[in-house]
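An overview of the molecular structure
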Amino acid sequence: MLRDAGVNLIAFWGYKHGAERAQLEFIPEDSATFVAAAKQAKLKLRKSTALYIFGEDRPGAIADILAKLAGARINLVAVQAVCGGGGSYGTIAFLPPAAARKAASVLAAA
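Keep in mind that this is a model prediction, so the values were computed, not measured. (Residues numbered from 1 in each chain as written. Predicted model: local features only at pLDDT ≥ 70, side-chain atom pairs only at ≥ 80, totals over all residues. Heavy atoms only, no water.)

Here we look at the environment of N75
Relative to the helices and strands, N75 is located in the loop between α2 (61-71) and β4 (78-85). Using a relative accessible area of 61% as the deciding quantity, one classes N75 as exposed. In sequence terms N75 and G6 are 69 residues apart; their C-alpha atoms lie 34 Å from each other. In contact with N75, not counting residues within four places along its chain, are L95 and P96. (Helix = DSSP H or I, 4+ residues; strand = E, 2+ residues; numbered from the N terminus. Buried < 20%, exposed > 50% of the residue type's maximum accessible area, 1.4 Å probe, protein only. Contact = heavy atoms within 4.5 Å.)

Following this line, the structure appears as structure tokens:
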């Protein structure tokens, strides 16, 4: 369904959510294409605000990002991070919508 609609995902994961249910988290490259495909498939959507952060992997890479956000007094809702292989990492930082611009600005200044 998503593939046929041309949806490209940056990240995706799922987990148990109650009895016989699952919650799926999608980070699409193009949210408009994703929303249209999800509506056509009659999926229930819940919008979240997140930043996709990636770079060269090294010890402490994610810790440094989190320290910069904490130093700017930006609270996160959740963080998912993985080593991408080939010396790269990627992380998704979920945060309150009001904090997204400030977080992007803090990280861009680095």
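Having seen it, we continue.
Considering the pairing of strand β2 (residues 22-28)
As judged from the seven bridges shared by strand β1 (residues 9-16) and β2, these two strands associate in the antiparallel manner. Following the sheet pairing, K16 is matched in β2 by A22. From the end of β1 to the start of β2, which pair antiparallel, there are five residues, and G18 there has a positive phi angle of about 85°. (Pairing = 2+ DSSP bridges.)

Digging into the nonpolar core
If you look at the biggest cluster of nonpolar residues, it comprises 14 residues, and the most contacted ones within it are I53, I74 and L95. Listing elements by their share of this core, those giving two or more residues are β3 (50-56), α2, β5 (88-94) and α3 (100-108). The residues contacting I74, other than those within four sequence positions of it, are L69, L95, A99, K102, A103 and V106. Judged by nonpolar contacts, the second largest core, of five residues, contains A11, W13, I27 and F94. (Core = buried A, V, L, I, M, F, W, Y, C linked by side-chain atoms within 4.5 Å.)

With respect to the sheet that holds β4
Ordered by their spatial adjacency, three strands build an open sheet running β3-β5-β4, and the pairing between neighbours is antiparallel. Every other strand in the sheet has two partners, leaving β3 and β4 as the edge strands with one partner each. Strand after strand, the sheet turns through a mean of 15° between neighbouring axes, direction not considered. As judged from the seven bridges shared by β4 and β5, these two strands associate in the antiparallel manner. Each residue of the ladder has a partner; that of Q80, found in β5, is I92. The strands that α2 touches are β3, β4 and β5; relative to β5, the one it contacts most, it runs at about 30°. (Axes fitted to C-alpha atoms, helices over the stretch in contact; angles between N-to-C directions.)

Considering the packing of aromatic side chains
Overall, the coordinates contain four aromatic pairs when judged by the stated rule. Their ring planes at 80° and their centres at 6.0 Å tell us that W13 and F94 sit as a pair that is edge-to-face. Taken as a pair, W13 in strand β1 and F94 in strand β5 lie far apart in primary sequence, 81 residues in all. Comparing W13 with F94, the two get one shared label, buried. Three or more aromatic residues joined by ring pairs make a cluster, and in this case those are F12, F26 and F34. (Phe/Tyr/Trp six-rings, centres within 6.5 Å; stacked < 30°, edge-to-face > 60°.)

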